[in-house]
Amino acid sequence: MAKTLTGTMHAIAVTPKQPGSARKIEMPMPQASAGLALMRVLEVGIDGTDSEINNGEYGEPPLGSQV
């Protein structure tokens, strides 16, 4: 049986090309739909690419985002 989730979730956001912009945000919980699944993250790791993005070395905003 499908479970409907409501409320908010925590996420990490960065502003592309803006050094030191990584921050924790709270945003609406996305809704599952045909062909998509929601997953609960149990553990997260940080690697060199994450550091480069936070340093503003590269990155592009997702289509439709408001930067």
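Please refer to the structure placed before this passage.
This one's a predicted model, so the numbers in the text were calculated from it and none came from an experiment.

Definitions and cut-offs
Residues numbered from 1 in each chain as written. Predicted model: local features only at pLDDT ≥ 70, side-chain atom pairs only at ≥ 80, totals over all residues. Heavy atoms only, no water. Helix = DSSP H or I, 4+ residues; strand = E, 2+ residues; numbered from the N terminus. Buried < 20%, exposed > 50% of the residue type's maximum accessible area, 1.4 Å probe, protein only. Contact = heavy atoms within 4.5 Å. Areas by Shrake-Rupley, 256 points an atom, 1.4 Å probe, with all protein chains shown as cover. Patch = residues over 30% accessible without salt bridge, like charges linked within 9 Å, V, L, I, M, F, W, Y side chains within 5 Å. Salt bridge = Lys/Arg side-chain N within 4 Å of Asp/Glu carboxyl O. Lys, Arg positive; Asp, Glu negative; His and termini not counted. Charge placed at Lys NZ, Arg CZ, Asp CG, Glu CD.

1. Examining the overall build of the chain
Looking only at helices and strands, the chain has 1 helix and 2 strands in total. Overall, the chain shows an N-to-C arrangement of helices and strands of β-β-α. Expressed as a percentage of the 67 residues in the chain, the buried residues total 9%. In the chain, the proportion of contacts linking residues at least 24 apart, taken out of those at least 6 apart, comes to 38%. When the accessible surface of the chain is totalled, it reaches about 6,000 Å², and 57% of it is carbon and sulfur.

2. Some points on a negative patch on the surface
A grouping of Asp 47, Asp 50, Glu 52 and Glu 57 is seen on the molecular surface, where their side chains present a negatively charged patch. For Glu 57, the location among the structural elements is in the segment after helix 1 (48–54). A relative accessible area of 48% means that Glu 57 is categorised as partly exposed.

3. A word on unusual backbone geometry
One non-glycine residue, Lys 17, adopts positive backbone phi at about 65°. Looking at the element boundaries, Lys 17 is found in the loop between strand 1 (8–13) and strand 2 (23–28). Overall, the relative accessible area of 47% leaves Lys 17 in the partly exposed class.

4. Remarks on a nonpolar patch on the surface
There is a patch of nonpolar side chains on the surface, built from Val 41, Val 44 and Ile 46 and spanning about 370 Å² of accessible area. Relative to the assigned elements, Val 41 resides in the loop between strand 2 and helix 1. Residue class for Val 41 comes out exposed when judged on its relative accessible area of 61%.

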